[in-house]
Amino acid sequence: MAAEYSVDVCRALEQRFHEARLARPFRRKRYEPGDTVVYDVDPVAAREAGAARPAEAEAGREAAAKGRVHLHIERFVGGGFAGQVYRVRVRQIEGGPIPGVREDGLYALKVLIPPSSFSLFFRNLVYAIGFQGPFQLQCNPAAARAGALWQKLIRRGARVRMGSEDAVNDVHATLVDENLGSCGELSDWIDGRTWRLEVDDRMDLLRRWRRGRPVDSRQLGSPEFRTKKQFMHDFVKLLHDMGGHEFARQYEWTTWKSQPNCLKRADTEEDPSGGLVAVDFRAGLALLPFLPMSPGDFKLILAGIARGSLVQFDRGDLRKLEAFVDAHADDFADLRESLEELKSAERRYRDSVPDVTHNHVRLLGSRTLWSTLLDSAVTGWSVRRMIDERHEKKLRGRALSTILFSLLGLVPILGKLIRRLWAHGEWRVHYGRIVSSFGYLRRALRGKAAEYVIDWHRDGRLTAAAAPKVASSSGRMVLHIPLSLLPVGLHRFLTDGAYLRERLHYIFVRPVRLYFDAELRANWLRDMVQEGREKRIIDEEDSETILSAIEEPFIQKYLKSLAVHVCTVPVTQVVSVLVAVFYVLSHPEMPRAQAWGIGLGIIALFQVIPISPGSLVRGLYVVWLVIRERNFRDYNIAVFLGFFKYVGYLAFPIQMTYRYPTLARFMAAHWATEAVHVVPVFGEAGALLEHMAFSAFYNWPLTIRRRMRLRAEARRLRRPRYWHVPIVAAGAAIILGTVEWFHRGGHGRLPELSDLAWALALLPLLLGAVVTIGGGGATLWKRIVSSVLGGVGGGVLSTVLTALLAPEGALSADGFAVTCVWHMFIFTVLSPIGAVLTELLLPEPAEDPRGIQGSGVKEPETA
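Being a predicted model, the structure only gives us computed values, none of them experimental.

## A look at a nonpolar patch on the surface
Phase 1: A surface patch of nonpolar side chains, amounting to about 860 Å² of accessible area, comprises Leu490, Phe493, Leu494, Leu504, Tyr506, Ile507, Phe508, Val509, Val574 and Leu578.
Phase 2: Going through the elements one at a time, helix H21 (488-495), helix H22 (497-516) and helix H26 (569-585) are the ones with two or more residues in the nonpolar patch.

Structure, rendered in structure tokens:
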């Protein structure tokens, strides 16, 4: 979630920069709500067939390029590697009408430069490795134009193949933003969302559908999920058929991050099978053959190599596109000129970077290529505000100067300084005044401090009250500059006493208050519901349903249990740190680096073990509730899930499904998605990982619960069976004894426990599985008890066999006792786990063991 900040503070700091009266321009990274921007735009519009001859059309396009729009920034939507997006309202249009754009209309403005300095650096680095040049979508109007024209043609292809152009967002104009130093585009604003996290207790059927197997469509759930997967599959196929092979990467399901590029329109909420629209066609990161960044990238890299494209970004096959247009000539009649313009823009775009993987031998002798490459380099420097207008004219046509200026970009720090002194008059004056006037130097430092503090305040590093103070104090700036390299939370934790107290109170005091204060718990839930509304996890109707039941006793009991769960969050971290410190202090003879390395390993181990100190406390609390209230039914899921790390936080949301399904769905979505969103890139809201987490922690437990209920109903008609338990225990003991006998024969000694680790882990699990499978009509808890008793018997019998098979005198009484304890412990712990795992994995009972009717509904194979 974006940090909250004060727009007024940012504007005041910007004004402080201007008051410094510096010769150089203000370094702007993004706009604020309420700002007004003015652009000269180049429309991207279809023309009626026969409306103009090619020469007339070109002249008309040049005239249309003089159109000007005044845009009011309403909201900063977000930013990634590809750029930053705003919701804007058109206040005024000059120079004649712009097709698709009307005054007072809402539109999306995308400027193709990230607001984050790190994202900008990493994006440009990856692109430079792949294509040996600057990021063209940002600095080359021909590249931005080509992308927009591709999108226009793909939109028409969607009408041909998918029945409606509305399946693809419409782009209306391209532009150059002189403030941010980047190209951009103006497109329709889509009022929509990613997807709703749907409750589905038939995940087994959904899995069959995803694998293309026949299922009963009447029992199949998750309609939005299935519709989006089908839509994106069909759209990827369309893109490949039209030659947009590398555009298809934006919608490949297996990349795990493409799903947010497809939105569902808000006016189609009542129809889960409609309203989808593809909105993003601008890639952010190039795909290098040695740097796959998602599971699906491995397949894409191989497919690209097969097409002769070693490095992939947004290259299309124009011959295949033209063939598709020719095959549907009537549908593309008004876009023929756009196709010709695309060919011209593509030629200039592709010749604007060395791109050795595609241009290779052309670099050795093509004058056209080098002429375009050098001219586009000058254009790119101008767009990025690296050179002024006078030096832009000087560099054009001067090959040696252009090459030298380009090579200076490879020199760290000094190269940037020389470039500014050479080709930008404002920066040259700025540097000259810095070295000649101490007063100007002080003003320059104040201006630079204002720019830094604006970024820190937006990021949440500084509060609205602290930001002006830091910008006014050189001492505070010196303190904050190195700390700004730290993560945002840690930076503020170290520099903001109020924030430090607030976080400590939140972690250690608030959970305890939540347990004892009913009103605080109710407000906690209200805040989560409000946050869910803002994130569109929950709609208005469901939120009202939850809030209307907030005072009910069971809801209060549930919230109190959640408070206990929150209290257990720091337990594992505290215990892990204490254990690590104890280890280091108790091993003074060990080198400090080695001791602390092991200590860090201990802390890391606590993060991955399935049952941690925190989850153990949580699970024991649920067991205490069951015993105190003598009520197993209301806790029959939470009592098991509560013991497991991470999953246990969803124990109570899942438990409440059938009593308060709306609240349960919302809480599971809230907790699961919050956990996933900390994952870089793949944790984006609406991406596949979010849905996978929700399904794993919510829908799959529901599916298992439904199966277990059906199985319990079926078992009522059968007689319970227990006679097989001692037989299974004896069998496990005999197998373990056999393994020990063979080990002794091969090594000439009794095996240690570590020698039998695999057998001691596997046999008790198998024992529990066989006991529960052979239990007949026994209830679940009796099956678990039977597996425990079987485990005890298996542990005792295996120890007796060990003693009988051991050579005389090889096993002492103490050794026998230790072996017996360990065998009994391992068998007793693992046997019920084997029984529970088996119960979870058993197929649901049905006349048709597959649980389907064979209607033939399938998912197509991935394109």
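The discussion continues.
## Considering the nonpolar core
Phase 1: Among the nonpolar cores identified, the biggest contains 66 residues, and Ile154, Phe235, Tyr251, Phe281, Phe313 and Leu321 are the most heavily contacted of them.
Phase 2: With sequence-adjacent residues up to four places away left out, phenylalanine 235 is seen in contact with Ile154, Met162, Val168, Tyr251, Ala278 and Phe281.

## Observations concerning helix H17 (residues 425-436)
Phase 1: Helix length check: H17, at twelve residues, gives a terminal C-alpha distance of 16 Å against a target of 16 Å (1.5 Å per residue), a fit within 8%.
Phase 2: By the burial criterion, the buried members of H17 are Gly425, Trp427 and His430.
Phase 3: Residues of H17 that are buried sit in contact with helix H16 (414-423) and helix H18 (438-459).

## Details of the pattern of salt bridges
Phase 1: Going through the model one piece at a time under the given rule, you end up with 52 salt bridges.
Phase 2: Between arginine 315 and aspartate 355 there is a salt bridge; the shortest N-O distance is 3.1 Å. In this pair, arginine 315 sits in the loop between helix H8 (297-307) and helix H9 (318-327) while aspartate 355 sits in the loop between helix H10 (336-350) and helix H11 (356-359), placing the two residues 40 residues apart along the sequence.
Phase 3: For aspartate 351, the salt bridge is made with arginine 362, and the minimal N-O distance between the two is 3.0 Å. Residue aspartate 351 is located in the loop between H10 and H11, and its partner arginine 362 is located in helix H12 (residues 362-365); the two are separated by eleven residues in the primary sequence.

## Quick word on helix H15 (residues 399-408)
Note: α-helices contain 3.6 residues per turn, so residues at a spacing of three or four share the same orientation.
Phase 1: Those residues of H15 not exposed but buried are Thr402, Phe405 and Leu408. Buried residues along H15 cover an arc of 120 degrees about the axis, so they all sit on one side.
Phase 2: Looking at the packing, one finds that the buried side of H15 touches helix H13 (367-383), helix H14 (389-395) and H16.

## Here's the deal with the sheet that holds strand S6 (residues 182-188)
Phase 1: Strand order in the closed barrel made by the six strands is S1-S2-S3-S4-S6-S5, with antiparallel pairing throughout. The sheet shows a mean angle of 40 degrees between the axes of neighbouring strands, taken without regard to direction.
Phase 2: Of the pairings in the sheet, the one linking strand S3 (residues 84-94) to strand S4 (residues 106-111) comprises six bridges and is antiparallel in character. Among the inter-strand pairings, arginine 87 is bridged to a residue of S4, identified as alanine 108.
Phase 3: Against the sheet, helix H5 (residues 141-162) touches strand S1 (36-43), strand S5 (171-177) and S6, its axis set at about 170 degrees to S5.

## A word on the packing of aromatic side chains
Phase 1: Going through the model one piece at a time under the given rule, you end up with 28 aromatic pairs.
Phase 2: Each ring, one from tyrosine 127 and one from phenylalanine 313, has its centre 5.3 Å from the other, and the planes form 85 degrees; the classification is edge-to-face. Separated by 186 residues along the polypeptide, tyrosine 127 in helix H3 (residues 117-131) and phenylalanine 313 in the loop between H8 and H9 bring together distant segments of the chain.
Phase 3: Residue phenylalanine 313 is classed as buried on the basis of its relative accessible area of 2%.
Phase 4: Each ring, one from tyrosine 251 and one from phenylalanine 281, has its centre 5.5 Å from the other, and the planes form 55 degrees; the classification is tilted. Taken together, the residues tyrosine 251 in the loop between helix H7 (223-241) and strand S8 (262-265) and phenylalanine 281 in the loop between strand S9 (276-278) and H8 connect sequence positions 30 residues apart.
Phase 5: For tyrosine 251, a relative accessible area of 0% gives the class buried.
Phase 6: Taken together, the aromatic side chains of Tyr127, Phe131, Phe135 and Phe313 make up a single cluster linked through ring pairs.

## Some words on the sheet that holds S9
Phase 1: Judged by pairing direction, the sheet is antiparallel, and its three strands sit side by side in the order S7-S8-S9 without closing on themselves. For this open sheet the edge positions go to strand S7 (192-193) and S9, each flanked by a neighbour on one side alone.
Phase 2: Summarising the sheet, S7 and S8 pair through two bridges and their orientation is antiparallel. Pairing of glycine 192 across the sheet is with arginine 265, part of S8.
Phase 3: This element, H7, spans S7, S8 and S9 of the sheet and lies at about 35 degrees to S9.

## As for the state of the cysteines
Phase 1: Taken as a whole, this structure holds zero disulfides when the rule is applied.
Phase 2: Sulfur of cysteine 139: no disulfide; nearest cysteine sulfur belongs to cysteine 183 and is 7.1 Å away.
Phase 3: For cysteine 139, a relative accessible area of 2% corresponds to the buried category.

## Side note on unusual backbone geometry
Phase 1: One non-glycine residue, serine 222, adopts positive backbone phi at about 50 degrees.
Phase 2: Considering the arrangement of structural elements, one finds serine 222 in the loop between helix H6 (203-210) and H7.
Phase 3: Positioned with a positive phi, isoleucine 413 is a non-glycine residue whose angle comes to about 60 degrees.
Phase 4: Mapping isoleucine 413 onto the fold places it in the loop between H15 and H16.

## So, the pairing of S3
Phase 1: Sheet topology note: the strand S2 (residues 67-79)/S3 ladder contains ten bridges and is antiparallel. Note that in S3 the partner of glycine 78 across the bridge is valine 85.
Phase 2: Taking the residues between adjacent antiparallel strands as the criterion, S2 and S3 are bridged by four residues.

## Considerations on the side chain of arginine 707
Phase 1: Within the element layout of this structure, arginine 707 appears in helix H32 (residues 688-715).
Phase 2: Take arginine 707: its relative accessible area is 10%, and that puts it in the buried class.
Phase 3: The contact partners of arginine 707, leaving out residues within four places of it in the chain, are Asp204, Leu840, Leu841, Leu842, Glu844 and Pro845.

## A short note on the side chain of arginine 226
Phase 1: Assignment of secondary structure puts arginine 226 in helix H7.
Phase 2: Summary of buried charges: arginine 226 has no salt-bridge partner, and the nearest side chain of opposite charge, aspartate 200, is 6.5 Å away.
Phase 3: When near neighbours in sequence (up to four residues on either side) are disregarded, arginine 226 contacts Leu206, Trp209, Leu220 and Gly221.

Parameters at a glance
- Residues numbered from 1 in each chain as written.
- Predicted model: local features only at pLDDT ≥ 70, side-chain atom pairs only at ≥ 80, totals over all residues.
- Heavy atoms only, no water.
- Patch = residues over 30% accessible without salt bridge, like charges linked within 9 Å, V, L, I, M, F, W, Y side chains within 5 Å.
- Areas by Shrake-Rupley, 256 points an atom, 1.4 Å probe, with all protein chains shown as cover.
- Salt bridge = Lys/Arg side-chain N within 4 Å of Asp/Glu carboxyl O.
- Helix = DSSP H or I, 4+ residues; strand = E, 2+ residues; numbered from the N terminus.
- Core = buried A, V, L, I, M, F, W, Y, C linked by side-chain atoms within 4.5 Å.
- Buried < 20%, exposed > 50% of the residue type's maximum accessible area, 1.4 Å probe, protein only.
- Contact = heavy atoms within 4.5 Å.
- Expected span 1.5 Å × (residues − 1).
- Arc of directions from axis to C-beta.
- Pairing = 2+ DSSP bridges.
- Axes fitted to C-alpha atoms, helices over the stretch in contact; angles between N-to-C directions.
- Phe/Tyr/Trp six-rings, centres within 6.5 Å; stacked < 30°, edge-to-face > 60°.
- Disulfide = S-S within 2.5 Å.
- Lys, Arg positive; Asp, Glu negative; His and termini not counted.

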